[in-house]
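# Fold and contact review
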Amino acid sequence: MTEPRSTPASADPATVQVGLGDRAYSIVIGTGVLDETGPQLAAIVRPGLAVVVSNPTVGRLYRARVTASLEAAGFRVAGIEIPDGEEHKNLAWVAFAYERLIEAHAERSTPVLALGGGVIGDLAGFVAATYLRGVPFVQVPTTLLAQVDSSVGGKTGVNLPAGKNLIGAFYQPRLVLGDIGVLQSLPRRQFLAGLAEVIKYGVILDAELFALVEAELDRILQQDAGLLRRIVRRCCELKAAVVERDERESDHRAILNFGHTLAHAVETLTEYKRFLHGEAVAIGMAFAARLSRARGLCDETTVERLVALLTRAGLPVAVPPDAAGPALVLAIETDKKVAGGKVKFVCVEAIGRSRFELLAADVIAAQAAA
Ligand code: NAD
Ligand code: GLY
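What comes next concerns the included structure.

Scoring rules and cut-offs
Residues numbered from 1 in each chain as written. Chains lettered and ligands numbered in written order. Predicted model: local features only at pLDDT ≥ 70, side-chain atom pairs only at ≥ 80, totals over all residues. Heavy atoms only, no water. Pairing = 2+ DSSP bridges. Helix = DSSP H or I, 4+ residues; strand = E, 2+ residues; numbered from the N terminus. Axes fitted to C-alpha atoms, helices over the stretch in contact; angles between N-to-C directions. Contact = heavy atoms within 4.5 Å. Phe/Tyr/Trp six-rings, centres within 6.5 Å; stacked < 30°, edge-to-face > 60°. Buried < 20%, exposed > 50% of the residue type's maximum accessible area, 1.4 Å probe, protein only. Patch = residues over 30% accessible without salt bridge, like charges linked within 9 Å, V, L, I, M, F, W, Y side chains within 5 Å. Areas by Shrake-Rupley, 256 points an atom, 1.4 Å probe, with all protein chains shown as cover. Salt bridge = Lys/Arg side-chain N within 4 Å of Asp/Glu carboxyl O. Right-handed = clockwise from strand over helix to strand, strands pointing away. Near = heavy atom within 4 Å. Polar contact = N/O pair within 3.5 Å; in protein donor to acceptor, adjacent residues only side chain to side chain.

One open sheet holds the seven strands; their spatial order is S1-S2-S9-S6-S5-S3-S4, and the pairing between them is mixed. With partners counted over all chains shown, the strands left at the sheet margins are strand S1 (14-18) and strand S4 (76-81), one partner each. On average, each strand axis in the sheet is inclined to that of its neighbour by 20°, with strand direction left out of account. Bridge count between strand S3 (residues 49-54) and S4: six bridges; the pairing is parallel. The residue of S4 that forms the bridge with Ala-50 is Val-77. Lying on the sheet, helix H2 (residues 56-72) is in contact with S3, S4, strand S5 (112-116) and strand S9 (175-179); it crosses S4 at an angle near 170°. Across the sheet, helix H3 (residues 91-103) lies against S3, S4 and S5, angled at about 155° from S4, the strand it touches most.

This next bit is on the packing of aromatic side chains. Under the counting rule described, the total for this entry stands at two aromatic pairs. Between the aromatic rings of Phe-287 and Phe-345, the centroid separation amounts to 6.3 Å while the plane-to-plane angle is 80°, which identifies the pairing as edge-to-face. Note that Phe-287 is positioned in helix H10 (residues 277-294) and Phe-345 in strand S10 (residues 342-350), a separation of 58 residues in sequence. As far as burial versus exposure is concerned, Phe-287 and Phe-345 are alike and both buried.

Glancing now at a nonpolar patch on the surface. Together, Leu-91, Leu-160 and Leu-166 make up a nonpolar patch on the protein surface, roughly 220 Å² of accessible area in all. By the element assignment, Leu-160 lies in strand S7 (residues 155-160). Accessibility expressed as a relative area gives 30% for Leu-160, which makes it partly exposed.

What follows concerns the pairing of strand S6 (residues 137-141). Of all the five residues making up S6, five are buried; the element is thus mostly covered by neighbouring parts of the structure. Covered by surrounding structure in S6 are Phe-137, Gln-139 and Pro-141 together with Val-138 and Val-140, the residues of both alternating faces. Note that S5 and S6 share five bridges and pair parallel. Among the inter-strand pairings, Ala-114 is bridged to a residue of S6, identified as Gln-139. Note that the unit made of S5, helix H4 (residues 118-130) and S6 has a crossover that is right-handed. Strand direction decides the pairing type here: S6 and S9, joined by two bridges, are parallel. Following the sheet pairing, Gln-139 is matched in S9 by Val-176.

All told, the structure shown has 28 salt bridges when counted by the stated rule. Two residues, Lys-200 and Asp-149, come together in a salt bridge whose shortest N-O distance is 4.0 Å. Residue Lys-200 is found in helix H6 (residues 188-205), and its partner Asp-149 is found in helix H5 (residues 144-150); the two are separated by 51 residues along the sequence. Of the residues examined, Lys-200 reaches a relative accessible area of 1% and is grouped as buried. The shortest N-O distance in the salt bridge between Glu-237 and Arg-234 comes to 3.1 Å. Of the two residues, Glu-237 and Arg-234 both sit in helix H8 (residues 225-245), three residues apart, roughly one turn of that helix. If you follow the salt bridges from partner to partner, you end up with Arg-295, Glu-349, Arg-353, Arg-355 and Glu-357 in one network.

Next up on the list: the site of ligand 1. The environment of ligand 1 is formed by 26 residues, the closest being Glu-86, Gly-118, Thr-142, Thr-143 and Ser-185. Between ligand 1 and the protein, one listed contact pairs an oxygen atom with a backbone N or O atom of Val-119 at 3.0 Å. Residue Lys-155 places a main-chain N or O atom 2.9 Å away from a nitrogen atom belonging to ligand 1. Burial of ligand 1 by the surrounding chains reaches 88%, relative to a free accessible area of 870 Å². Elements with a contribution of two residues or more to the shell around ligand 1: H2, H4, H5 and strand S8 (163-170). When residues of the shell around ligand 1 are assigned to their parent elements, the largest contribution, four residues, is made by H2.

So this is what it looks like as structure tokens:
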């Protein structure tokens, strides 16, 4: 599978459209976009109360700028603060947010803004989808992962003790504001984890993007703003095209799960403590490429290019020894995307081209032991 070619990068900020009919929306990408929150929001909802959901880490850095922009555009701003961390992406903190919305007299027309990474985006999105059966939702993603992936496409949700993202709703934002400048304060490890998702888009859909990351990795790691804007924009274009074709993951959208089957198993078996999600995805992508090679679907050069790029980006590529044997088979089998005992495993055919293979968990696990 491949996606349409991008138009050349243009002036700052860039806008990508997600064409979903009456639920279409814009993704605005550029440096300083945070300070445009008020006018951007006022263009889609009438100024009144606006609720900003964030966490203490991101809130301390960026809440004042977002609030000032909203107030200058005529909004009254209420804040909801969720503690930092994946362990708070749960129903208890959803209920906390509902209570705060009621206290603030939030109505059906009150926009909820998610200011943060994927954790805040997923939780606030689920709150927006369900409070009063749905209020306008705006994503203001502040991690690279959130800017290239989680803020686009409408997957919202929270975790249960039984597993990640088991509760949720497809609920598209009305607007996404991706400020490249905020990535400067992102811890380097988090930035690299987001880069794994960028590399993923290149492998599955866009050889040109992959080659760009290969050629410009040093400048990317130095956070060259123009280059980052171009890359975030391209990833958003690719994701928009996938979501437009298959919004609810009935088929094609699952291509975005490249590397994720093994990643989820590794995360489960290491109790979500050893690897960030993007790091686990890097391990899973290197694994998926080796498996594709073993099945004769791609050549050795494809595997080598992917592993070399991930390694240069400081990402892990080796399956940890404790993700092996029956425990690995079980972890793969309990992934929520298994159907009829088979995993719709994303394989690579060449850099920029991918396809599905239906594989049993033990076949996948056997490759990990190879
Ligand atoms: P995160 O939201 O936990 O953010 C990572 C860390 O960076 C946090 O400590 C956060 O406070 C901090 N941070 C965020 N922005 C910052 C900034 N600009 N400067 C300094 N610190 C900053 O993690 P994440 O990687 O963004 O998101 C992971 C979550 O996203 C997971 O819950 C995952 O399930 C979800 N996700 C959802 C989708 C989707 O389609 N909805 C896709 C991929 C991942
Ligand atoms: N992150 C995968 C998706 O949005 O489908």
